[in-house]
Amino acid sequence: MNTELQNFIEKYDLYGCIQCGRCTGGCPVTVRTNLNVRRFVYDSIDEDALEELAKLPEIWDCTACSTCAVRCPKGLKPLEVLIGLRGILVLEGQVEPTVRDALESIFREGNPWSKARATRSDWMEGLDVKVADPETEVENLIFVCCTVVYDPRVQVTVKNLVKILNKADVDYAFVGDDESCCASEAFNLGEEELFEMMVEDNTELLNSFKAKRIVTISPHCFNAFKKQYPDLKAEVLHYTQLIGELLEDKKLEFTKELPQKIVFHDPCFLGKQNDVYDEPRFVLSQIPGAELVEFERNKERSLCCEGGGGKMWVESDSKLERLAETRVKDAHALGADVLAAACPFCILTLDDALKAKGFEEEMKVSEILEIIGDLLEE
Amino acid sequence: MNTFVCVKRVPDTSEAEVKVDATEKDVDSSKFSFDINDADNYAVEEAVQIKEAQGGTVQVLCCGPQDADMMIRMALAKGGDSAMRIDDPRINFSDPLQVAKVLAAAIKEQEYDLVLTGCWADDDGFMAVGVALAEELGIPHAAMVKKVEVEDGKVKAHRELEGGISEVVEITLPAVLTIQTGINEPRYAPIRGIRQAQKKELKVLKLDDLGISEEEVSEDSSLIELKRFYIPEVESKAEIIEGEPEEKAEKLAEKMVKGGLI
Amino acid sequence: MSNIFVLVEHRQGELRDITLEMLTKASQLAEKTGGETVALLLGNGVDSHAEKLTGYSDKVLYMDDPLFEDYNSEKYQKALVAFFKEQKPYLVMMGHTAQGVDLAPALAVELKMPFVTDVIDLEYVDDKLQPLRQYYGGKVNAEFSFKGEPPYLVTFREATLEVPEPFKSGKVEKIDSPLKEDIDYRKFLEYIEAEVGDVDITQSEILVAVGRGVKEEKNMAMIEELASAIKADICASRAATDAGWLPHDRQVGTSGKTVKPKLYIAIGISGAFQHLAGMKGAKTIIAINKDPEAPIFAEADYAIIDDLFKVVPKLTEKLQELRG
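Residues numbered from 1 in each chain as written. Chains lettered and ligands numbered in written order. Predicted model: local features only at pLDDT ≥ 70, side-chain atom pairs only at ≥ 80, totals over all residues. Heavy atoms only, no water.

(A) How the structure looks around the overall build of chain A. Across its full length, chain A carries 17 helices and eight strands. A principal-axis box enclosing the C-alpha atoms of chain A has dimensions of 65 × 50 × 35 Å. Expressed as a percentage of its 378 residues, the buried residues of chain A come to 62%. Sequence separation of at least 24 residues holds for 77% of the intrachain contacts in chain A that already meet a minimum separation of 6. As displayed, chain A has an accessible area near 14800 Å², and 45% of this comes from carbon and sulfur atoms. Seen as two clouds, the 43 positive and the 70 negative side-chain charges of chain A have centres 4 Å apart. (Helix = DSSP H or I, 4+ residues; strand = E, 2+ residues; numbered from the N terminus. Buried < 20%, exposed > 50% of the residue type's maximum accessible area, 1.4 Å probe, protein only. Contact = heavy atoms within 4.5 Å. Areas by Shrake-Rupley, 256 points an atom, 1.4 Å probe, with all protein chains shown as cover. Lys, Arg positive; Asp, Glu negative; His and termini not counted. Charge placed at Lys NZ, Arg CZ, Asp CG, Glu CD.)

Here you go:
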């Protein structure tokens, strides 16, 4: 067995936990699974128990939304104990085949979707896209996200972004062929060493461009670069922040009307983890004719859609309603025409939920870039 | 139980567009992603599971270029003990019988009980190397194995036949088994394991090291010859069936039955 | 004399179709160059097979011997090596089947035969026999030629030809088996039937996949009838397993299973990328969906863009009729 049971106590500061239960109290998945993260923090103090704890299926229910970390009065990160337990299985090679395939794919092909690395820039075909070169300074270096690159449902977001950047005459360039997975999900799936390897390689790559800022489409890449890549030179932004700037500086204007009721779902990795609440709302507020409504559970209380934390590759055993379905129901109850989000994982899970609930005729799930891409003057 | 497992590096062409190159005897692989042949991956897992249950060693064997080293390290990370890679441009990969000769030369002087190979390769689909290897080594074999039960000096192999039936055979060791996909669930090779596997032995050999002459395995001495590759004419991807709904259903049913789809 | 020998494949009292397909091909070849087609039958008390084969072959050479009660590659090999050394056929054909791949390569090595596997066609080009096979899952065709002297050996792919009505009136000739004693280093033990009710969809040959478009669990009955008519297993997209119509182990996709069936019939499935990723390896894909923009159609070989509730029951009915 090539297992090395980490000293969890040290790594996750387990003795710092006062067992107050605010973590479990805020954990969104507790309504539908057995996951009790408070107990895991406590039980993991016993090194001999770690192997058994790692075998419990509920450790895979965690979405890494980080509500627990946000709420912890001692500044601990309970979710990382779960990630650490996942790491034990990773080191033994005993992860679910779907997880195995995603991790192997990140390692070999630089994306978790088993797509050939050589096809990374295929999405650019037919578009007028500026690609970065290390010799030329650029203000905004755009980092796409593997899911946006490869999944047709969300590929429209980057295509629209290109339209917008060209129209607003922004100084931008895309990373291009060498772009590789930010590996945020590799970290969340417990493959720490793969994550560290990707951090090293990606940092070198991104620093090789003379870029002032790195702009990401996915909040997961955004969060990873901002919080988990210590040596990046450039400032890290989410695209909603860039679009917000363009709108404020009047470099971009939405000229077409969209008289619809829009409710914005705060993605966990953008909102509660990084406090980016206002910019997406500002962008939506600039849409002529649109009425913005709010979920009761909005901003830092946003209900996780269960797209992150490796959940795109692991199913829960729970028979209870998915959180995304609850969210869709809530949007529907608000009378929303559009359930908007600014994250590819949110879009995919909410879209699935929309279909499962049968609301496709009454409501749409749309990425902000999907909505605004159609609102520009020709 | 000392086991050899033969692995091959192949492209993943399930989604890629495949184009024949200018030589007409190969394809343009510039956009492919490469990895271990699927069936061989199952064979590696089976070999490691046998080692975990019975003790012994697993040696990984590969005919291929340096690019195959990462794949071999991943196999070592999963539980292989050492590896040999035979890297020689003179090996003729379009003749499975010659590839088998090369593998046999690498194995025959060694101590071993079992040789596992995948039952087919995702690229050429020959389904011949493993069984030919057994014949070269002069040992019994079983092909398309879905389950392996090791006993003293012999092995019970469940062969997968058409229609979901299994044929159980008992063969004496040493033997060759060609492994069918789905026999087990291959484990994940963690990055840490792959790093540690860098310390395991990976010998790179040429034909001369194996004591085979070029004549035995080169294109010239092969009894078959690949004349050319070409892309078969394919009708546009989806044949859209027309008519009223019930008509469409009937037409489809006929296609399914007459076209041998079911 | 360019005689073409076809090794008869039979099992548990059934003569397998591949045998007749090969004999059909063999006779097409033999017509061009003269020579006989010979069905080579190794078995124990399988006279009825021998009789049936006379309708497809000029000659049936029948080794009737208890040692051939069950297929055993080592026994077959011993017998055939001795036999071919004496007979010197021009071409030997075996099925590219579990049996054929288990035997042919060993025979080719022992007799040093020019040997090509999974052949989908054979034709004479400038009087030379040219086997055709495929690479990369059927995306590339490869023409080979035999360089050495006959006998040539091929394993021939199943279901490439339609078998006609009997077209020969051959003769059965019983011959002695050269195999005089049993072998002990490989023994046939038993057959094990496929387990019923224990479905591993990753190993299914035919799959009927259901998606959101099927709308309600009560509509699954219609799907079950279809699946039953073609002996298919049922799998699902996430929407259907979410909805509880099928257990999670039937889900196909990136957070479910990856399947590689011969035939995949996607019903009411839009073809989200995560689902497609799980079934892209299917050999033939049929899609039935009323949405012409559904991404599944980009992957399908056959498409019906229509209301599945009108199509599926009729499809089942017609399939039942055609299969009798």
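The discussion continues.
(B) View of the interface of chain B and chain A. Across the boundary between the two partners, chain B contributes 23 residues, which contact 24 residues of chain A. Surface buried jointly by chain B and chain A totals about 2000 Å² across both partners, of which 50% is contributed by carbon and sulfur atoms. Note that Glu193(A) is salt-bridged to Arg192(B), the shortest N-O span being 2.3 Å. For the interface between chain B and chain A, the tally reads nine residue pairs in polar contact (both at pLDDT 80 or more). Considering every element that reaches the side of chain B that touches chain A, the biggest residue donor is helix H5 (residues 191–197) of chain B, with six residues. Along the lines of polarity and charge, the residues of the side of chain B that touches chain A split into ten nonpolar, four polar and nine charged. (Buried area = accessible area lost by both parts, 1.4 Å probe. Salt bridge = Lys/Arg side-chain N within 4 Å of Asp/Glu carboxyl O. Polar contact = N/O pair within 3.5 Å; in protein donor to acceptor, adjacent residues only side chain to side chain. Nonpolar A, V, L, I, M, F, W, Y, C, P; charged D, E, K, R; others polar.)

(C) Layout of the pattern of salt bridges. The full count for this structure, using the stated rule, is 60 salt bridges over all chains. Its salt-bridge partner being Asp122(A), residue Lys31(B) comes within 2.8 Å of it at the nearest N-O pair. Residue Lys31(B) is found in the loop between strand S2 (9–12) and strand S3 (33–36), and its partner Asp122(A) is found in the loop between helix H7 (97–109) and strand S1 (138–143); the two belong to separate chains. Owing to a relative accessible area of 41%, Lys31(B) belongs among the partly exposed residues under this scheme. Where Arg16(C) meets Glu9(C), a salt bridge forms, and the shortest distance between an N and an O atom there is 2.8 Å. Here Arg16(C) matches Glu9(C) in class, with each residue buried. Salt bridges sharing partners connect three or more residues here, namely Glu321(A), Glu325(A), Lys329(A) and Lys357(A).

(D) Expanded view of unusual backbone geometry. Following Leu173(B), the chain continues to Pro174(B) via a peptide bond in cis, the omega torsion being 0°. With respect to the secondary-structure elements, Pro174(B) resides in the loop between strand S9 (166–172) and strand S10 (175–179). One non-glycine residue with positive phi stands out, namely Ser66(A), at about 75°. Summarising the element assignment, Ser66(A) is placed in the loop between helix H4 (50–54) and helix H5 (67–71).

(E) Structural view of the nonpolar core. Core analysis: the biggest nonpolar cluster contains 182 residues, and Phe174(A), Leu194(A), Phe225(A), Ile243(A), Ile372(A) and Leu177(B) have the highest contact counts within it. A total of eight residues in this core trace back to one element, the largest contributor, which is helix H6 (residues 78–92) of chain A. Residues in contact with Phe174(A), not counting those within four places in the same chain, are Trp123(A), Met124(A), Val129(A), Lys130(A), Val131(A), Ala132(A), Leu141(A), Ile142(A), Val144(A), Val158(A), Val162(A) and Leu165(A). Listed in part, the 103 residues of the second largest apolar core include Ile107(B), Leu20(C), Met22(C) and Phe115(C). (Core = buried A, V, L, I, M, F, W, Y, C linked by side-chain atoms within 4.5 Å.)

(F) Looking closely at helix H1 (residues 17–33) of chain C. Residues and elements named next belong to chain C. Its 17 residues place the ends of H1 25 Å apart at the C-alpha level, agreeing with the 24 Å of an ideal helix rising 1.5 Å per residue. The element H1 is extensively covered by neighbouring structure, given that twelve of its 17 residues are classed as buried. Those residues of H1 that sit buried are Ile18, Thr19, Leu20, Glu21, Met22, Leu23, Thr24, Lys25, Ala26, Ser27, Leu29 and Ala30. Where H1 ends, the next residue or the one after it, Gly34, has phi of about 75°, a positive value. (Expected span 1.5 Å × (residues − 1).)

(G) Here's a closer look at the domain arrangement of chain A. Residues and elements named next belong to chain A. For chain A, the assigned domains read domain 1 (3–92), domain 2 (99–247) and domain 3 (252–372). Relative placement of domain 1 and domain 3: their C-alpha centres are 28 Å apart. Facing 16 residues of domain 1, the contacting portion of domain 3 comprises 18 residues. Across the interface of domain 1 and domain 3, roughly 1400 Å² is buried in total on both sides, 57% from carbon and sulfur atoms. The interface formed by domain 1 and domain 3 includes two salt bridges. Here Arg32 makes a salt bridge to Glu306, at a shortest N to O gap of 3.0 Å. Where domain 1 touches domain 3, the interface holds eleven residue pairs in polar contact (both at pLDDT 80 or more). Here the side of domain 1 that touches domain 3 is composed, by residue class, of nine nonpolar, four polar and three charged. (Domains from an automatic or database assignment.)

(H) Representation of empty space enclosed by the protein. A full pass over the atoms with the stated rule returns eight cavities of 30 Å³ or more. Its volume calculated, the largest cavity comes out at about 340 Å³. Only strand S1 (2–7), strand S4 (57–63), helix H3 (96–107), strand S6 (114–118) and helix H4 (129–137) of chain B provide two or more residues apiece to the lining of the largest cavity. Split into classes, the residues belonging to the lining of the largest cavity amount to 19 nonpolar, five polar and three charged. What the second largest cavity holds in volume is close to 130 Å³. Cys145(A), Cys181(A), Cys182(A), Glu185(A) and Phe345(A) are, among the 16 residues lining the second largest cavity, the residues nearest its centre. Elements with a minimum of two residues in the lining of the second largest cavity: helix H8 (146–150), helix H10 (184–188), helix H12 (219–228) and helix H16 (344–357) of chain A. Of the residues contributing to the lining of the second largest cavity, the split by class is ten nonpolar, four polar and two charged. When residues are assigned to domains, the lining of the second largest cavity turns out to be shared by domain 2 (99–247) and domain 3 (252–372) of chain A, each giving three or more. (1 Å grid on protein atoms, 1.4 Å probe; cavity = no way out; pocket = protein on both sides within 12 Å on 5 of 7 lines; lining within 4 Å. Points joined across faces, edges and corners; volume = space filled by probe spheres on them.)

(I) Seen up close, the interface of chain B and chain C. Tallying the contact residues gives 81 residues for chain B and 85 residues for chain C. In this assembly, chain B packs against chain C so that about 7100 Å² is buried in total across both faces, 60% of it on carbon and sulfur atoms. There are eight salt bridges connecting chain B and chain C. Glu167(B) serves as the salt-bridge partner of Arg186(C), at 3.5 Å between the closest nitrogen and oxygen. Scanning the region where chain B abuts chain C turns up 30 residue pairs in polar contact (both at pLDDT 80 or more). Secondary-structure elements contributing two or more residues to the side of chain B that touches chain C are S2, H4, strand S7 (141–151), strand S8 (154–160), S9, strand S12 (224–230), strand S13 (239–240) and helix H8 (245–258) of chain B. No other element matches the twelve residues that H8(B) contributes to the side of chain B that touches chain C. When grouped by side-chain class, the residues that make up the side of chain B that touches chain C number 38 nonpolar, 14 polar and 29 charged. Bridge count for S9(B) against strand S13 (residues 186–192) of chain C is six bridges, and the pairing is antiparallel. For Ser166(B), the partnering residue across the bridge sits in S13(C) and is Ile192(C). (Pairing = 2+ DSSP bridges.)

(J) Representation of helix H14 (residues 278–285) of chain A in the model. Residue and element names in this part refer to chain A. Residues Pro280, Arg281, Val283 and Leu284 constitute the buried set of H14. For H14, the angular spread of the buried residues around the axis is 155°, confining them to a single face. Buried residues along H14 sit in contact with helix H13 (239–248), strand S5 (261–264), strand S6 (291–293), strand S7 (338–341) and helix H17 (368–373). (Arc of directions from axis to C-beta.)

(K) View of the side chain of Thr157(A). When you line up the elements, Thr157(A) lands in helix H9 (residues 152–167). Beyond its immediate sequence surroundings of up to four residues, Thr157(A) is in contact with Val148(A), Ile217(A), Glu367(A) and Leu369(A).

(L) Spotlight on the sheet that holds strand S16 (residues 263–267) of chain C. One open sheet holds the six strands; their spatial order is S13(B)-S18(C)-S17(C)-S16(C)-S14(C)-S15(C), and the pairing between them is parallel. The outermost strands of the open sheet, each flanked by one partner alone, are S13 of chain B together with strand S15 (233–236) of chain C. Relative to S15(C), strand S14 (residues 206–210) of chain C runs parallel, the two sharing four bridges. Among the inter-strand pairings, Leu207(C) is bridged to a residue of S15(C), identified as Asp233(C).

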